[in-house]
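Observations on the model geometry
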Amino acid sequence: MSHYALAVLSLALALVAQCFAAGLMTFAALRPPYRRAAMLLAVGLSLLALHHAFTLELALHTGLFDLRESLLAAGISVLLLFGLTGFKR
């Protein structure tokens, strides 16, 4: 697998994980204990997902990519998703 394909796949994984994390926090904002904190976290996660989408678009349209950044983004996004699933409970 080339570095470009690995970067694109990891950015796609980061985008999907961030979208799921933002969705979890949006649903968590509907419950009373931490409404404001969960909604602010959902907005922040949505903006981070938008950043991943722009980075993925840049890689797909121009061929410019940073493998370290994309792998780091995927790792952070997946770990954040796992951490927030515990917060939902």
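In this text the structure is predicted, and so the values were computed from the model without any measurement. (Residues numbered from 1 in each chain as written. Predicted model: local features only at pLDDT ≥ 70, side-chain atom pairs only at ≥ 80, totals over all residues. Heavy atoms only, no water.)

**A closer look at the packing of aromatic side chains**
Defined as follows: In this scheme Phe, Tyr and Trp rings, the latter by its six-membered ring, pair at centre separations within 6.5 Å, and the angle between planes marks the pair as stacked below 30 degrees, edge-to-face above 60, and tilted otherwise. Under the DSSP-based scheme used, a helix requires at least four consecutive residues in state H or I and a strand at least two consecutive residues in state E, with every element numbered from the N terminus. Relative accessibility thresholds used throughout: buried, under 20% of the residue-type maximum; exposed, over 50%; partly exposed, between the two (1.4 Å probe, protein chains only).
The tally for this structure, following the rule as stated, stands at one aromatic pair. Ring geometry for Y4 versus F65: centroids 5.6 Å apart, planes at 70 degrees, classification edge-to-face. Here the residue Y4 occupies a position in helix α1 (residues 3–28), and F65 occupies one in the loop between α2 (35–62) and α3 (67–88), the gap between them amounting to 61 residues. The class of F65 is partly exposed, set by a relative accessible area of 36%.

**Description of the environment of V8**
Selection rule: Whether two residues are in contact is decided by their heavy atoms: any pair within 4.5 Å suffices.
If you trace the backbone, V8 turns up in helix α1. Taking the C-alpha atoms as reference points, V8 and L67, separated by 59 residues in sequence, lie 8.7 Å from one another. V8 has contacts with L56, A59 and L60, leaving out every residue within four places of it along the chain.

**Details of the nonpolar core**
Quick note on the threshold: Residues belong to a common nonpolar core when they are buried Ala, Val, Leu, Ile, Met, Phe, Trp, Tyr or Cys residues joined through side-chain atoms within 4.5 Å.
Grouped together as the largest cluster of nonpolar side chains are 12 residues: A17, A21, A22, L24, M25, A28, A29, A38, A42, L45, L81 and L84. Looking at this core, the elements that each hand over two or more residues are α1, α2 and α3. In terms of residue count, the dominant contributor to this core is α1 (six residues). Once you skip the residues sitting within four places of it in the chain, L81 turns out to touch A17, F20, A21 and L24. The next biggest cluster of nonpolar side chains, apart from the first, holds six residues, and it includes V8, L11, L56 and A59.

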